[in-house]
Amino acid sequence: MSNLLSAEQSEYWSELAQTYVWKKKWDNLISGDFHKADVKWFNGAELNITENCLDRHLENRRNKKALIFEPNNPNEPSSFLTYGELHLSVCRFANLLKSKGIKKGDVVCFYMGMTPELMIGILACARIGAIHTVVFGGFSPLSLRGRLEDSKAKLIVTHDGAYRGDKLIQLKAMVDEAIEGLDSVETVLVVKRTNNEINMKGGRDYNYETVIKSAELYCPPTPVEAEHPLFILYTSGSTGKPKGLLHTTAGYMVHVGKSFKDVFQYKENDIFWCTADIGWITGHSYMTYGPLLNGATTVMFEGVPTFPTPARFWEVVEKHKVTHLYTAPTAIRSLEKFGHEIPDKFKMSSLKVLGSVGEPINEEAWHWYHKHVGKEKCPIVDTWWQTETGGILISPMAGLTKLKPAHATLPLPGIEPCLMDENGKEIKDLVASGNLCLKTPWPSLARTIYGDHERFIQTYFSTYPGYYFTGDGAKRDSDGYYRITGRVDDVINVSGHRIGTAEVEDAINEHPSVIESAVVGLPHPIKGQGLYAFVIPVDGVEDSEALEKEIRETVNKIIGPIAKPDLIQVVEGLPKTRSGKIMRRILRKIVENEIESIGDTSTLLNPEIVEKLIAGKKELN
Ligand code: PRX
C-alpha cells in the first residue's frame, strides 16, 4: 500500500477494481509517488479493456444498442450497432490491423470525421494492445505531421472526406500532405464517407471497405499488463509543442467506468449523448470507454449544433429519446444566441440529466440550459477534469449533490483536491481561493508525456512538490464546493479547446512580415475565450486587412482553424521588463478592459508603449 493513500482510499479503489474482468489480478495496488511522477496502479495485473467494454456484455446485452449513429445530414438515416455487432466489428477491424503488421505496442493514428469506424477502430487497437492516438480533424496537415513524428504511428486511419455542417473536409488529401516523405507511416486505411475524389498510393493506401472483407470474424483479446499504454492524446501546454499525454489501461478503465456511473447516475436503458468529438478526451472517456464499460447505449453525432438549423440538437434528443445530454458551455451559448423559442418548441421529455464540460459555465448559460433544455427538472452536472486526469474529478452526482450554478461542487469518491496559496502552501481554511492541485493519486492520471518524462515532471509536479498541479485556479466556499475560475497559466480555453499561447505565437512569427507577437485570452460571448494577438511587423509594413488575413492563414496552415486569432492588433512594441520578458499581465488587462488595474508600469523598459496599446485596442464586432 502506498503511504500516499489513506487506508479507506486503498480499499475504495481495490474494491472498485474487483468489479471488472481481469486475466490476472494485481499483486499490489499502487507504487511510486508524485515526487518522481512514477505512480503505477494494479501492478502485476493483466487484462484487456475491450473484454470489459464488449465481451462481458454479450451474455445479457448482445442485442442491446451499443452505439447509435446520427449523421451530419438529418435526411440521411441514422443507424445503430448492438453490442453483438460492435463486438464483431471491433474483432474484424483488429484482425485487419494485424494483417497490416500492427502488433502490441505499435501506435495507430486516427484522423477522421465522427463515424462508427472511428470508435470501432480505437477499440480494435485496444483489442490487440496497439496504442491509439486520435488527432482532431480540425488540425492542419502540419499539426498532424508533428503528432505523427512524435508518436511514430505506423498506420493512419482516415476518411476520404468528412462532413461537418455544410463543409466537406478533404481529410485524405490532408493526410497525403502530412505524410509526404515521412517514412514511419507504412499504411493508410481510407474509410469511404463522402465519395470525393482522392489519390491512392499503391502499396501504402487501402480502401477499408475492400480490405475489411477478408478480415476474420473473431479476434481474441490480447491480455496486456495493467500499465500497458492504451492511448496518446495531444493537448496544448503553456510552452512549446503540444504534449502527448499517455494513458495506460487498468487505471484509466477503473476510474472512467465508475465516474460515468456516479456522475451521471447511469441506469440500464438510459441513452447517453456526449456531443464531443473523439479527437478530445471527452469523446474518449464519456462517449466511448465510460458508456461501454457500463453496457450503456452511446450516441455519436457527426455534425455540428447549428446545421442545418439551430434546432438540430433538440431534434436529435427527441429522435433518439436521449436521457443524458453532455455538452460544452460554448455549444450552449452558441444556441442561446438564437433564442429560447427554439428549444421551447421541443418537449425533450426523455431528458433526465444535463452535463457541462470543458470550460467554466457562466451563470446565464447555466440557467438557460436548466430552464429551456432541462425544463427545470434535470440536474446539471458541471464536470471538471482535464486530458491529463483521464476522467472527471470534481462534479456533482446527478440528483444527489445539491447544485449551485457554475460550481463543479465536490470531488468524486477517492479524489482529494486542495488549493495552494502564493507561497506554495496548502490553504487549510475552508473558504479559500488559490491554485487547484490534487493531493493524492487516482488511477486514471496520465502516466507521462510521450517521450518526455522530464517535461511531465516539470509541468505538473514541480510547482508544488508532492502535489499534482492542474494549471487551474479555483475558489472553495463554505459548503466546500469548488468553483473553477479558469487557467492560471498561458493556456487559453477557446470553445473548450486548449490552445497554448506560445504555439500560436510561434505560428504567427512564421509570417515573413512579423518580428514578434504576443497572444492573450480575449473574453468572448460565445467561445468563452478567444485569441487576441499583438503583432510587431517588420519595418515599413503597416496594419492592413490583407496582413491580418495572411496572419490568420499562416496560423490556419500551421495549427488549424481552431487557433486563428479573433483580433489582431499591429503594434510598434510590446511592454517588456528590463530583462526583455513580455509583461503578459499588462496585455491581459488591456484586452480584458481592466485598464485601472494595470498598476505601476514605470519599471518597464518601454512604459510609453502601454498608452499606445490601449489607444489602438481592437473590439469584437
Ligand atoms: O481549465 C479547465 C477547463 O478545461 C481544462 C482542461 O482542458 P482539456 O484537457 O482540453 O479537457 C477538457 C475536457 C475535460 C481545465 O484545465 N475545464 C474543464 N472542465 C471544466 C473546466 N473549467 C471549468 N469548469 C469545468 N467544468
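Keep in mind it's a predicted model, so treat the numbers as computed, not measured.

What counts and how
- Within every chain, residues take consecutive numbers counted from 1 along the sequence as written.
- Two thresholds apply to this predicted model, a pLDDT of at least 70 for residue-level local features and 80 or more for giving and counting side-chain atom pairs, whereas whole-chain, interface and lining totals are computed over all residues.
- Side-chain numbers here rest on the full set of heavy atoms in the structure, without hydrogens or water.
- Note: domain ranges come from an automatic or database domain assignment.
- Here a residue-residue contact requires only that any non-hydrogen atoms of the pair lie within 4.5 Å.
- A 1.4 Å probe defines the accessible area here, and the buried area is the portion of it lost by two parts on being joined, summed over both.
- The salt bridge criterion pairs a side-chain nitrogen of Lys or Arg with a carboxyl oxygen of Asp or Glu, the two atoms within 4 Å.
- Polar contact is defined as a pair of N or O atoms within 3.5 Å, subject to the rule that within protein one atom must be able to donate a hydrogen and the other to accept it, and that residues adjacent in sequence are counted only when both atoms are side-chain atoms.
- Labels follow the DSSP assignment, with helices taken as runs of H or I lasting at least four residues and strands as runs of E lasting at least two, numbered in each case from the N terminus.
- Two strands qualify as a pair provided DSSP detects at least 2 bridges between them.
- Only the stretch in contact is used when fitting a helix axis, every axis being a line fitted to C-alpha atoms; angles between N-to-C directions are given from 0 to 180 degrees.
- Each residue's exposure class comes from its accessible area (1.4 Å probe, protein chains only) as a fraction of the maximum for that residue type: buried when under 20%, exposed when over 50%, partly exposed otherwise.
- Two rings from Phe, Tyr or Trp (for Trp, the six-membered ring) form a pair when their centres are within 6.5 Å of each other. A pair whose planes differ by under 30 degrees is stacked, one over 60 is edge-to-face, and the rest are tilted.
- Lysine NZ or arginine CZ positioned within 6 Å of the ring centre and within 35 degrees of the ring normal marks a charge as sitting over the ring.

## Thoughts on the domain arrangement of the protein
Okay, step 1: Split by domain assignment, the protein resolves into domain 1 (10–19 + 47–426) and domain 2 (495–616).
Okay, step 2: Distance from the C-alpha centre of domain 1 to the C-alpha centre of domain 2: 33 Å.
Okay, step 3: Residue-level contacts link 25 residues of domain 1 with 20 residues of domain 2.
Okay, step 4: Here domain 1 packs against domain 2, burying approximately 1600 Å² in sum over the two surfaces, 49% of which is carbon and sulfur.
Okay, step 5: The interface formed by domain 1 and domain 2 holds 1 salt bridge in total.
Okay, step 6: Residue Arg 498 is joined to Glu 388 by a salt bridge in which the shortest nitrogen-to-oxygen separation is 2.9 Å.
Okay, step 7: The tally of links from domain 1 across to domain 2 stands at 13 residue pairs in polar contact (both at pLDDT 80 or more).
Okay, step 8: Every element with two or more residues in the side of domain 1 that touches domain 2 is listed here: α6 (141–151) and α12 (329–336).

## Details of the sheet that holds strand β5 (residues 79–82)
Okay, step 1: Read from one edge to the other, the open sheet built from 7 strands follows the order β5-β4-β17-β16-β18-β19-β20, with strand pairing classed as mixed. Pairing within the sheet leaves two strands with one partner each, and these edge strands are β5 and β20 (380–383). If you compare each strand with its neighbour and ignore which way they point, the axes differ by 20° on average.
Okay, step 2: As paired elements, strand β19 (residues 353–357) and β20 share 4 bridges and run parallel to each other. Looking at β20, one finds that Gly 355 is bridged to Val 381.
Okay, step 3: Helix α9 (residues 249–264) contacts β16 (271–274), β18 (324–327), β19 and β20 of the sheet and is inclined by roughly 140° relative to β20.

## Some points on the side chain of Lys 617
Okay, step 1: As for its placement among the helices and strands, Lys 617 is situated in the segment after α19 (609–615).
Okay, step 2: According to the relative accessible area criterion, Lys 617 is buried, its value standing at 15%.
Okay, step 3: When residues no more than four places from it in sequence are discounted, the contact partners of Lys 617 are Tyr 532, Gln 569, Ile 590, Val 591 and Asn 593.

## As for the side chain of Ser 513
Okay, step 1: Here Ser 513 lies in the loop between α16 (501–509) and β28 (514–524).
Okay, step 2: When neighbours within four sequence positions are excluded, Ser 513 is seen to be in contact with Ile 536, Pro 537, Val 538, Val 541 and Leu 547.

## A few points about the packing of aromatic side chains
Okay, step 1: Enumeration according to the criterion identifies 34 aromatic pairs in this entry.
Okay, step 2: Where Trp 22 meets Phe 42, the ring centres are 5.5 Å apart and the plane angle is 45°; that geometry is what we call tilted. A residue pair is termed long-range when its members are at least 10 positions apart, and Trp 22 in the loop between α1 (7–17) and β1 (28–31) and Phe 42 in strand β2 (residues 40–43) qualify at 20 residues. Phe 42 shares its class with Trp 22; the two are buried.
Okay, step 3: Positioned over the ring face of Tyr 206 is Lys 100, at 3.8 Å from the centre of the ring.

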